[in-house]
Amino acid sequence: MDTTGAGALIKALEDVGCEVIFGMPGGAILPAYDPLFDSKIRHVLVRHEQGAGHAAQGYAQATGRVGVCMATSGPGATNLVTPLADAYMDSVPIVAITGQVARSMIGTDAFQEADIRSITLPITKHSFQVHDPADIPRVIAEAFTLASSGRPGPVLVDLPKDVLATATTYTPPKITTPSRPVLSPVQIRNAAQLIGSSKRPVFYVGGGVIRSGAAQELRKLAEKTGIPVVTTLMARGAFPDSHPLHLGMPGMHGTVPAVAALQRADLLIALGTRFDDRVTGLLPEFAPHAAVIHADIDPAEISKNRKADVGIVGDCRDVMAALSAVITRKTDLTDWWNYLGGLLTTYPLGYDWPADGMLAPQYVIERISKLAGPEAIYTAGVGQHQMWAAQYVKYERPGSFINSGGAGTMGFAVPAAMGAQAGAPDRTVWAIDGDGCFQMTNQELATCAAEGIPIKVAIINNGNLGMVRQWQTLFYEGRYSNTRLGTHQRHPDFVKLADALGCVGLRCESQSEVDGVVLEAMAVHDRPVVVDFVVGQDAQVWPMVAAGTGNDEIMAARGIRPLFDEVE
Amino acid sequence: MTRHSLSLLLRNEPGALARIVVLFSSRGVEVESLSLAPAERGDLSRLDVVVGLQQGRTVVQLIKQLGRVVDVKNVVDGTHDEALELGA
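In this report, we go over the structure that sits alongside the text.

Conventions and cut-offs
In this numbering scheme, every chain counts its residues from 1 along its sequence in written order. As they are written, the chains are lettered A onward and the ligands numbered 1 onward, keeping that order. This being a predicted model, a pLDDT of at least 70 is required before a residue's local features are given, and a value of 80 or more before pairs of side-chain atoms are given or counted; all residues contribute to the totals for chains, interfaces and linings. Each side-chain value is worked out from all heavy atoms of the structure, with water and hydrogens disregarded. Think of a nonpolar core as a cluster: buried Ala, Val, Leu, Ile, Met, Phe, Trp, Tyr and Cys residues, connected wherever their side-chain atoms sit within 4.5 Å. When a residue's accessible area, from a 1.4 Å probe over protein chains only, is under 20% of the maximum for its type it is buried; when over 50% it is exposed; and in between it is partly exposed. Working definition: helices are DSSP H or I runs of at least four residues, strands are E runs of at least two. Numbering for both runs from the N terminus. Grid points spaced at 1 Å over the protein atoms alone were grouped into cavities, where a 1.4 Å probe fits but cannot get out, and pockets, open sets with protein on both sides within 12 Å along at least five of seven lines, with lining residues defined by an atom within 4 Å of a point. Grid points are joined across faces, edges and corners, and a volume is the space filled by probe spheres set on the points. Throughout, the ten residues Ala, Val, Leu, Ile, Met, Phe, Trp, Tyr, Cys and Pro are labelled nonpolar, Asp, Glu, Lys and Arg are labelled charged, and all others, Gly among them, are labelled polar. The pairing criterion is simple: DSSP has to find at least two bridges between the two strands. Here an angle of 0 to 180 degrees is reported between the N-to-C directions of two axes, which are lines fitted to C-alpha atoms, with helices fitted over the stretch in contact. Within this document, salt bridges are pairs made up of a side-chain nitrogen of Lys or Arg and a carboxyl oxygen of Asp or Glu, the two lying within 4 Å of each other.

1. Remarks on the nonpolar core
All names here are of chain A.
Next, step 1: Counting 54 residues, the largest nonpolar core has Phe203, Tyr204, Val205, Val209, Leu268, Leu271 and Ile312 as the members making the most contacts within it.
Next, step 2: Top contributing element to this core by residue count: strand E11 (residues 267-271), with 5 residues.
Next, step 3: Core analysis: the second largest hydrophobic core is formed by 46 residues, Phe22, Val46, Ala87 and Ile123 among them.

As structure tokens, then:
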């Protein structure tokens, strides 16, 4: 007996390469915090456990490593539910360590008892509750392997307090690297054949390409074939925005050329993507003329929403390397590119300045992108600002855009930026946030200030729950029920709030001030900065495919439906 | 609604059955009957279940989703004798 369960936990975390834990102590997890005090692992003391979970997600996505968050039993653990659900939806590798009441107390409605394993069953890849301290190192190693292998995802490790306190002998865990799925040569050949004979192919690229680290292989394969590329919300950065083969983001707020490419394609080469409803629109009308090659590491995704003609179970990196090896020539895509080129020229992304003379939110994001550049990391919350961050930041590298895609979790941006900055201290990290989102998790700015994590936050403050308001404008006859937040009346005053949280607070209300204030924010390195960009409340996200309609009804702007009106 | 009988081998780990039942509930799968018994191997249990699937949902899809569960070692579709072997 050389240690305790708690000692074994911290030692095991060190041995699997954990360098930072985002967490908050409390009764049941308290034994773990004692050996952690002497560990080389950095602990970032959050102000709310939800912040710890999203920070672990931000860290994981910025570094490609497993993010770790820790909380006590009961409410500490239940506060991790949203980040776990988020990580499950977006396949983010995180390990959540929760304290639990002592074994003898489990099931007695003890103080701060919650059955967190059962609560999180549908939103974790796997979970453990450890009853023997000798098992802790093995369980931690398994949790890390499960979280990061195959289709990544969240894993929960629940540790009763007495298990943490019991003496044990430390056995170093065996760290295994599971083998990747072996590709079917027949399916690769079939896919290559389809690609060779298609006239209007498109690479439909999802977040799996980023998770598998396959951006280089994608670029190679795209350049070799000359096939156009679209990158979904989760794949922004998987292919450079500046690349001439890139048509932008597809989906509900995608570009007209990207949506048109899917709708008019005769072949979708879907890579690490799951035909999400935000991309497909009304499913029966999605890509009606296309055959489908679908490659994904998760066999359960293939043919889930759209039947695949060729399904390939595999890691995207392996799939693209295999395809590159068998595809020998470029097919003639001149007609296809003539069509898409026309759309690129006619329907570039664009926006109007608000009629009331207020600042255009898109302009703010465009300028941040220009001034911070592609080496920065951008995070976003959920809503209009998220879509503008996806549209108007120019991404050139994977891992540079971190957002809540599948779950759509408001409040994601600030804690995710905190985690990203902790993992990538040399990069500039900008949280593009909304005034609604910001008010859900801004307490983590106190964490950032105390821990020396100098993130920048751009609040795109339109005074409202902007995306909901946009839908009220378009679909509820302008009846603005409960979407006004009062943030234009300074409830709260974001500059004062930033100051109170130990950050620099700045405000910007006109076009001529934008560059200056962004540069001023970027010059601060010793603490976080919050910029309150006061923008017009009527700016809308365009293009748009209205919910429940087919992609052919995409509106470039209100009332303009380029594909629907197209004469073929 | 289509009906299928599935036979699963589960690891005898706490929560394994709960994970399967929650998967059915999350994915809108109806359970018509369910029985759990020890399997030949002591560390495994056999779960026989008859499920009803909504229109548009395939049993192949459900088998793959069950296959993602770490504690599921094997799934056999008794209706078509289609097996998803997940190894030991």
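2. Here we look at empty space enclosed by the protein
All names here are of chain A.
Next, step 1: Going through the model one piece at a time under the given rule, you end up with 1 cavity of 30 Å³ or more.
Next, step 2: Approximately 80 Å³ is the volume attributed to the largest cavity.
Next, step 3: If you trace the largest cavity, you find it lined by Gln61, Ile210, Arg211, Leu233, Met234, Arg236, Gly399, Phe401, Ile402 and Asn403.
Next, step 4: Elements supplying a minimum of two residues to the lining of the largest cavity: helix H10 (207-211) and strand E15 (401-402).
Next, step 5: Of the residues in the lining of the largest cavity, the class split is 5 nonpolar, 3 polar and 2 charged.

3. Digging into the sheet that holds strand E9 (residues 201-205) of chain A
Residue and element names in this part refer to chain A.
Next, step 1: Strand order in the open sheet formed by 5 strands is E10-E9-E11-E12-E13, and the pairing between neighbours is parallel. Either end of the sheet is taken by a strand with one partner, and the two such strands are strand E10 (229-231) and strand E13 (310-313). For this sheet, the mean angle separating the axes of adjacent strands, direction not counted, is 15°.
Next, step 2: Bridge count for strand E12 (residues 291-296) against E13 is 4 bridges, and the pairing is parallel. Bridging across to E13, Asp296 finds its partner in Val313.

4. Regarding the pattern of salt bridges
Next, step 1: Within this structure, the stated rule accounts for 29 salt bridges over all chains.
Next, step 2: In this structure, Asp298 of chain A engages Arg151 of chain A in a salt bridge whose closest nitrogen and oxygen atoms are separated by 2.9 Å. In this pair, Asp298 of chain A sits in the loop between E12 and E13 while Arg151 of chain A sits in the loop between helix H7 (136-148) and strand E7 (154-160), placing the two residues 147 residues apart along the sequence.
Next, step 3: Take Asp298 of chain A: its relative accessible area is 3%, and that puts it in the buried class.
Next, step 4: A salt bridge links Asp277 of chain A to Arg278 of chain A, with the shortest nitrogen-to-oxygen separation between them at 3.2 Å.
Next, step 5: In this structure Asp277 of chain A comes out as partly exposed when scored by relative accessible area, which is 47%.
Next, step 6: Here the salt bridges do not stand alone but share partners, grouping Arg151, Asp298, Glu301 and Lys304 of chain A together with Arg68 of chain B into one network.

5. A look at the pairing of strand E16 (residues 429-434) of chain A
All names here are of chain A.
Next, step 1: Of all 6 residues making up E16, 6 are buried, and the element is well covered by its neighbours.
Next, step 2: Judged by which residues are buried, E16 turns out to be covered on both faces: Val429, Ala431 and Asp433 on one side and Trp430, Ile432 and Gly434 on the other are all buried.
Next, step 3: Relative to E16, strand E14 (residues 377-380) runs parallel, the two being bridged by 4 bridges. Residue pairing in the sheet places Tyr378 in a bridge with Trp430 of E16.
Next, step 4: Of the strand pairs in this sheet, E16 and strand E17 (residues 456-461) are connected by 5 bridges, and their pairing is parallel. In the sheet register, Trp430 faces E17, and the bridge partner there is Lys456.

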